[in-house]
Amino acid sequence: MARKARSVEPTPAEALASVDGSSERDGWKPEDLKMFQFLRGVLNHIDIAYVATYPPQECGIATFTRDLAMAISKYTPFSDPVVVAVSGEADIEPYPKIVKFQIRKPNPHSYLDAAEFLNQSQISVVNIQHEYGIFGGQDGEYILDFLKKLRKPAVATLHTVLFDPYPNQRRIVREIAELCSAVVVMVKMGKQMLIENYGIPPERIVVIRHGVPNVHRVSATVAKKALGISDRPVLSTFGLINRGKGVEYAIRAMPRILEKHPDALYLVLGETHPGVRNYEGESYRKELLQLVADLGLEQHVRFNNRYLMLEELISYLCATDVYITSYVNRDQIVSGTLAYALGCGKAIVSTPYLYAEEVLSKGKGMLVDFRSPDEISQAVDYILLNPGFREEMEARAYRYGRRAAWFNVAIDYLDLFHSTRSLPKAAPAVIPSRVNPNKTDRSKTA
Amino acid sequence: MDADLDIKIRRMGDIPVVDLAGDIDGYTCIKLRDVIIELLKAGDRKVVISMAKVSYIDSSGLGTLVGGLRRINEHDGGLALSGAGPQIRKVLSITGLSKVFSVFNDETEAIRSL
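Everything numeric in this text was worked out from a predicted model, so none of it was measured. (Residues numbered from 1 in each chain as written. Chains lettered and ligands numbered in written order. Predicted model: local features only at pLDDT ≥ 70, side-chain atom pairs only at ≥ 80, totals over all residues. Heavy atoms only, no water.)

Description of the overall build of chain B
Formally: Starting at the N terminus, helices and strands are each numbered in turn, a helix being any DSSP run of H or I of at least four residues and a strand any DSSP run of E of at least two. As defined in this context, the radius of gyration uses C-alpha atoms, and a globule is described by 2.2 Å times the residue total to the power 0.38. Any two residues having at least one pair of non-hydrogen atoms within 4.5 Å are treated as being in contact.
When you go through chain B residue by residue, the secondary structure sums to four helices and five strands. Secondary structure elements of chain B, listed N to C terminal, follow the sequence β-β-α-β-α-β-α-β-α. Whereas a compact globule of 114 residues would reach a radius of gyration of roughly 13 Å, chain B reaches 13 Å, a difference of no more than 12%. Viewed in the frame of its principal axes, chain B has a C-alpha envelope of about 30 × 25 × 25 Å. Taking contacts inside chain B between residues at least 6 apart in sequence as the whole, the part at least 24 apart equals 65%.

The structure is reproduced here in structure tokens:
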């Protein structure tokens, strides 16, 4: 029901403006304190804990967690978010203040201590960012010990949903769903897989899109000029480089692309994934560099081997004519880099991994076969030669990106968290022990 | 096509109705803030903001609305929102700002409330 605006004597927007940096603070007056106190009284309050990796750790989930926490905090200026960061064994990262507790990944006791820390805190709801590899134990199973000890309601965001998981991987996801009030996936296909392949009740599963930065479009021409790459068709790929990205297939597409677009430039933006660097060093990047040399593409493929800050990344994306994601694994259920490219309204060429297949549907991008330089070159060529087609594709991508802007995603999460917080702890879901016998466990292969 | 905020002002009797179309976010909220300030400078004290064509509002946009309410209240005026769609209502409700603003489905009702 509509309510009359309260005639609060003085001031401000400060409660919100102070956290979002808007210029409302320019009008700050001493009496604004009353408005501030008023807002403190009426705005909804919820203290959220995020259990995940967190920057300065360099990984997609760390970035996701920071972006989500920041987006939510702008709507909850009087709440006190906390991050329980999953770290390595020895190194204590120079974390920001929001990180109040560290889980040492390989140490099982650390997970119990973290749960107890949260049990003793004012936290209303706990959000776990789940990917098998970021937690300790076999397939990251220590997170289950954490959840069993936790006495606060929890929501898990699943960044990996395998179509055909190993038995232990399936068990872990099922137990997470049992121990949490809800699990979040970022595409509808993920929900379907959790229902059919894992036997998780649909009412436990919520689909919330991957957030993207709020970007207002600038023309590629203007963005290119700022980067000193004017007048060249620009293709790009970004993210933490690893073999799964299939960058070599995009590089192999370049000779064909150059036949019609002789000034084309392919930018590979980002450093090697730190986890990859730990076990194979820079060997993948060296192979890519060698491939560029073998194909004589030194003037047409440029690497930027460092972690890019958001602003710089957006600049490169805005300067991009065609964004390429050439992942080689169909199971990829989410891609932050693809989400960002959509947010910037880019024409996109992608292999049909699960996330891409869903978000690029209805003309938001062009799908090409896995490991197919020929198809990549054909798609890029078509986009560059057909500006009308490209503009329509960019417009559709941008519209999708607006709906997935972090400020919208934050509202969806807040909605879920508020509905969850009333529960003291997840009411155990009735999950059948075996479902869909056709989805048999596979044997582990190398 | 690009996300932007289009602002038009029309008058219903003595009351200015600010028609917004697009997104109210960190990029566009300054325009809205300036419009409210200009209305106050021009002597208006009661304002209806029509949200019917607002697609999205972020925290900066909410901050601007709260700032507008503050400024208008300082002049013993009144601010009402009309026509907010489900997404905007959801944002107001989840943040708690539905307790701060008068929100009406109907513009006439909003005008009458002031």
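Section: the packing of helix α15 (residues 373-385) of chain A against helix α16 (residues 387-403) of chain A
Residue and element names in this part refer to chain A. Under the convention used in this document: For every element, the axis is a line fit to its C-alpha atoms; helices are fit only across the contacting stretch, and the angle between N-to-C directions ranges from 0 to 180 degrees. Every angle not falling under 35 degrees, over 145, or within 65 to 115 is termed oblique; those three ranges are roughly parallel, roughly antiparallel and roughly perpendicular. Each residue is assigned to one of three groups, with Ala, Val, Leu, Ile, Met, Phe, Trp, Tyr, Cys and Pro labelled nonpolar, Asp, Glu, Lys and Arg labelled charged, and all others, Gly among them, labelled polar.
Two elements in contact, α15 and α16, have axes whose closest approach is 5 Å; the angle formed by their N-to-C orientations is 100 degrees. Regarding the angle of α15 to α16, the classification is roughly perpendicular. The residues of α16 that touch α15, namely those facing Tyr-382, Ile-383, Leu-384 and Leu-385, are Pro-387, Phe-389, Arg-390 and Met-393. Of the residues that constitute the contact of α15 with α16, the class distribution is seven nonpolar, no polar and one charged.

What about the pairing of strand β4 (residues 125-130) of chain A?
Residues and elements named next belong to chain A. Test applied: Summary of the burial criterion: residues with accessible area below 20% of their type's maximum are buried, those above 50% are exposed, and those between are partly exposed, where the area comes from a 1.4 Å probe applied to protein chains only. Crossovers are described as right-handed under a simple rule: with the strands pointing away from the observer, the path leading from the first strand over the helix to the second runs clockwise.
With six of six residues buried, β4 is to be regarded as a mostly interior element. Residue alternation in β4 divides its side chains into two sets, Val-125, Asn-127 and Gln-129 and Val-126, Ile-128 and His-130, and both sets are buried. Handedness of the crossover joining β4 and strand β5 (residues 154-158) through helix α5 (residues 142-149) is recorded here as right-handed.

Looking at the pattern of salt bridges
Let me state the cut-off plainly: Take a side-chain nitrogen of Lys or Arg and a carboxyl oxygen of Asp or Glu: if they are within 4 Å of each other, that pair is a salt bridge.
The final tally for this structure, using the stated rule, is 26 salt bridges over all chains. For Arg256(A), the salt bridge is made with Asp374(A), and the minimal N-O distance between the two is 3.1 Å. Taken together, the residues Arg256(A) in helix α9 (residues 247-260) and Asp374(A) in helix α15 connect sequence positions 118 residues apart. Asp374(A) gets classed as partly exposed once you look at its relative accessible area, which sits at 42%. A salt bridge links Asp23(B) to Arg402(A); the nearest nitrogen and oxygen atoms lie 2.5 Å apart. With Asp23(B) in strand β2 (residues 15-24) and Arg402(A) in helix α16, the pair connects residues from two separate chains.

Section: the confidence of the model for chain A
What counts, and what does not: Scored from 0 to 100, pLDDT reflects the predictor's confidence in each residue.
The predicted model of chain A has a mean per-residue pLDDT of 86, with 86% of residues at 70 or higher. Below a pLDDT of 50 lies the segment residues 1-25 of chain A, which in the model reaches 82 contacts outside its immediate sequence neighbourhood of four places, other chains included.

Regarding the environment of Ala410(A)
Residue and element names in this part refer to chain A. Following the sequence through the fold, Ala-410 ends up in helix α17 (residues 406-421). A C-alpha to C-alpha distance of 25 Å links Ala-410 and Phe-135, two positions 275 residues apart in sequence. Discounting residues that sit within four places of it in the chain, Ala-410 has contacts with Ala-71, Ile-72 and Tyr-75.

Looking at unusual backbone geometry
Backbone torsion omega between Pro55(A) and Pro56(A) reads 15 degrees, so that peptide bond is classified as cis. Its place among the elements puts Pro56(A) in the loop between β1 (48-52) and α3 (60-73). Of note, Asp139(A) is a non-glycine position whose phi angle comes to about 55 degrees, a positive value. You can call Asp139(A) buried: its relative accessible area is 16%. Non-glycine residue Asp76(B) carries a positive phi angle of around 55 degrees. Position of Asp76(B) among the secondary structure elements: in the loop between α2 (59-74) and β4 (78-82). Look at Asp76(B) and you get exposed, because its relative accessible area is 73%.

Re the packing of aromatic side chains
All names here are of chain A. This is how the line gets drawn: Pairs were defined over the aromatic rings of Phe, Tyr and Trp, the Trp ring being its six-membered one, requiring ring centres within 6.5 Å. Orientation was assigned from the angle between planes: stacked under 30 degrees, edge-to-face over 60, tilted for the rest.
Summed over the entire model, instances satisfying the criterion amount to nine aromatic pairs over all chains. Considering the side-chain rings of Phe-64 and Trp-406, the 5.2 Å spacing of their centres and the 70 degrees angle between planes classify their relative orientation as edge-to-face. Here Phe-64 is found in helix α3, whereas its partner Trp-406 is found in helix α17, with 342 residues between them in sequence. Consider the rings of Tyr-111 and Tyr-142, whose centres lie 5.4 Å apart with planes at 70 degrees: the pair is edge-to-face. Of the two residues, Tyr-111 is situated in helix α4 (residues 108-119) and Tyr-142 in helix α5; the sequence distance between them amounts to 31 residues. A relative accessible area of 0% means that Tyr-111 is categorised as buried. Members of the aromatic cluster, connected to one another through ring pairs, are Phe-238, Tyr-323 and Tyr-340.

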